[in-house]
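Residue-level structure breakdown
The lines below spell out each chain.
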Amino acid sequence: MKKTTAVSALKAGFENSFAALPQKFYDAAMPESVHGAVLEKYNQKLGRDMGFNFTKETPGLADCLAGNLVFSDAEPIAMAYAGHQFGNFVPLLGDGRAILLGEKSTPDGKRLNVQLKGSGRTRFSRGGDGKSPLGPVIREYLVSEAMHGLGVPTTRALAIVSTKEKILRPDGIHPGGVMTRVAPGLVRVGSFEYFAARGDEAAIRMLADYVITRHYPEIFEKKDCYHQFFSAVALRQAQLIAKWMQLGFIHGVMNTDNTSISGETIDYGPCAFMDYYDPNMVFSSIDTMGRYRYTNQSAIMKWNLHCLGICLQSLLGKTNEEAMDVIDAVLAEFEQEFLNAQKIGMLKKIGIERPWDQDVSLLGELLALMETQKADFTLTFRYLADHVRQNSNMTMQFQRLFNAPDAVAAWLKSWQRRLAEENSPEVIREGMNRVNPLFIPRNHRIQKAIEDAEIKKDFTQVHLLAALFEKPFTQQPEFTDYAQAPAKAERVTRTFCGT
Ligand code: AMP
Ligand code: MG
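Conventions used here
- Residues numbered from 1 in each chain as written.
- Chains lettered and ligands numbered in written order.
- Predicted model: local features only at pLDDT ≥ 70, side-chain atom pairs only at ≥ 80, totals over all residues.
- Heavy atoms only, no water.
- Donors = N, O, S within 2.8 Å, 3.2 Å for Na, K, Ca; no water.
- Buried < 20%, exposed > 50% of the residue type's maximum accessible area, 1.4 Å probe, protein only.
- Helix = DSSP H or I, 4+ residues; strand = E, 2+ residues; numbered from the N terminus.
- Pairing = 2+ DSSP bridges.
- Domains from an automatic or database assignment.
- Contact = heavy atoms within 4.5 Å.
- Buried area = accessible area lost by both parts, 1.4 Å probe.
- Salt bridge = Lys/Arg side-chain N within 4 Å of Asp/Glu carboxyl O.
- Polar contact = N/O pair within 3.5 Å; in protein donor to acceptor, adjacent residues only side chain to side chain.
- Core = buried A, V, L, I, M, F, W, Y, C linked by side-chain atoms within 4.5 Å.
- Phe/Tyr/Trp six-rings, centres within 6.5 Å; stacked < 30°, edge-to-face > 60°.
- Lys NZ or Arg CZ within 6 Å of the ring centre and 35° of its normal.

A separate point is the coordination of the magnesium ion (ligand 2). Taken together, Asn258 (OD1) and Asp267 (OD) make up the full set of protein donors to the magnesium ion (ligand 2), lying 1.9 to 2.2 Å away. Here Asn258 and Asp267 have matching classes, each one buried.

Take a look at the structure:
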């Protein structure tokens, strides 16, 4: 495929601090030109927040986001990284189908990386084509924007381009897609592992200094700044995983190369939100052992952080022993922070803001009922808010979530008695509705949006879902159906990487 050489008249206002690092951190990488590119979706609001004054119609924008042209101030590169994939170390991964165009400083003082995904081969592509089918582009756009709406730290999605390229995958031929991803940080645990595998201590220090300056500036001047840095990364990850858990989100590929140093959810592959509650839920077709199942996510993150700690060893102590003590202490902090955030967050979901000791078992009883009765995770918590008044009867919509509602009625009574000690019903209800969404990116809806777009070139569902996910906590009467769990026959229980 032809590499793009043409430069657009469009300027994005990019700086390129990563490209200013030594050459071994990346490789220069021009996108490949594509035919039949259509800018299907441009996230105008995100663009505006970033300080772009583009609209979907801005001449040259579609070609820049398709990779047919490059912004005049872009310095396109593919970043080098390694990673543990399903526990196995791969010393050379890197951006095989992503190209970083540059960094944009936003009017509100953030600094965001702008990256094309699916725009062709780079030095890191190995056997891959560097492209993406349209389906995974749509999935990432919708799910990452939904996560933002749900208040979860995440990379964002600026645009979807469809192409007339034929993308060959094991399940057939798909139309092509290019996504524009926006991320505060793209350095991963795997970025450190890349240099650790090469014994390059100087590069590890340089990379640590780079991310500290950029993402943790408050600790730069501190005496034990690398220890503090490691600890800050661990705390952000603990809070992140707790948020995923509270929404029933399963990332699906928590490899170390998909674990961000700046603490956002990154790399939406075969990810999914569970419909009915099952603590052992796995969606990803490649996760055959359930390594990344719902309840294993915090343990896996701890393992990934251990990998990071080992890379930072020489910065964490004068001797190996000293460094290992720091690593152990940080991993213990991670665990404590996760358990705490998870407890507070889950109790908020049942309306409890001032926990008592026995509240954890009250919550456990509800989860056990949900599990045995396969109740919908999202709707159980959302509809629970209709029952905060003592002795209020079970609503039909809540009752329908359970196949043996009588057992739940008994639980409701003890919960209502507990809530009477908490706050006024109005305040509790409002609080619950702020943390329990009505709309999540349900698999079957995402699947339908992808099929309509791939097969019929119809993006109606993509636009509709994107709008809906901007306000996932707000009732939107015209879209009630979109809040509902899928009927058994509609359930999508397997998700695929598709890359
Ligand atoms: P991911 O599944 O996004 O975590 O990707 C794992 C690794 O595979 C990364 O190094 C990607 O850049 C690479 N990769 C995934 N899909 C492709 C593709 N279609 N072409 C080239 N490299 C790819
Ligand atoms: Mg990845």
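Okay, back to it.
On to the pairing of strand β10 (residues 156–169), then. Burial runs high along β10: 11 of the 14 residues are buried. Where strand β3 (residues 38–42) meets β10, 4 bridges bridge the pair, whose relative direction is antiparallel. Across the sheet, the residue bridging to Val38 is Ser162, located in β10. Summarising the sheet, β10 and strand β11 (residues 172–183) pair through 11 bridges and their orientation is antiparallel. Counterpart to Ile160 in the pairing with β11 is Met179. Where β10 hands over to β11, the hairpin turn is made up of 2 residues, counted between the paired strands.

Let's shift gears to the domain arrangement of the protein. Split by domain assignment, the protein resolves into domain 1 (14–185) and domain 2 (187–436). Each of domain 1 and domain 2 has a C-alpha centre, and these two points are 27 Å apart. In this assembly, 39 residues from domain 1 lie in contact with 43 residues from domain 2. Buried surface at the junction of domain 1 and domain 2, both sides included, amounts to about 3300 Å², of which 63% is carbon and sulfur. The interface formed by domain 1 and domain 2 includes 4 salt bridges. Between Lys24 and Asp200 there is a salt bridge, with its nearest N and O atoms 2.9 Å apart. Remark: the boundary between domain 1 and domain 2 carries 16 residue pairs in polar contact (both at pLDDT 80 or more). Those elements that place two or more of their residues in the side of domain 1 that touches domain 2 are β5 (83–85), β8 (111–117) and α3 (134–149). Sorting elements by how many residues they give to the side of domain 1 that touches domain 2 places α3 first, with 5 residues.

With that out of the way, let us pick up the nonpolar core. Side chains that are nonpolar tend, in soluble globular proteins, to be buried together. In this structure, Phe18, Phe71, Leu142, Phe192, Phe229 and Trp415 are the most contacted members of the largest nonpolar core, which totals 160 residues. Among the elements that make up this core, the one with the highest residue count is helix α6 (residues 225–247) (14 residues). Each of domain 1 (14–185) and domain 2 (187–436) accounts for three or more of the residues forming this core. In this view, Trp415 contacts Ile350, Leu362, Leu384, His387, Val388 and Met432; residues no more than four positions away in its chain are not counted.

Let's shift gears to the packing of aromatic side chains. In total, this model carries 20 aromatic pairs according to the counting rule given. Judged by centre distance (6.3 Å) and plane angle (85 degrees), the ring pair of Phe18 and Phe25 falls under edge-to-face. Classification of Phe18 as buried rests on a relative accessible area of 4%. Overall, the relative accessible area of 2% leaves Phe25 in the buried class. Joined through ring pairs, the aromatic side chains of Phe18, Phe25, Tyr194, Phe195 and Tyr210 make up one cluster. Between the NZ or CZ atom of Arg445 and the centre of the ring of Tyr482, over which it lies, the distance is 4.0 Å.

Another aspect to go through is the environment of Glu145. By the element assignment, Glu145 lies in helix α3. Since its relative accessible area comes to 12%, Glu145 is described here as buried. Taking the C-alpha atoms as reference, Glu145 lies 6.0 Å from Arg156; in sequence the two are 11 residues apart. Setting aside anything within four residues of it in sequence, one finds Glu145 in contact with Asn43, Glu140, Arg156, Ala157 and Phe469.

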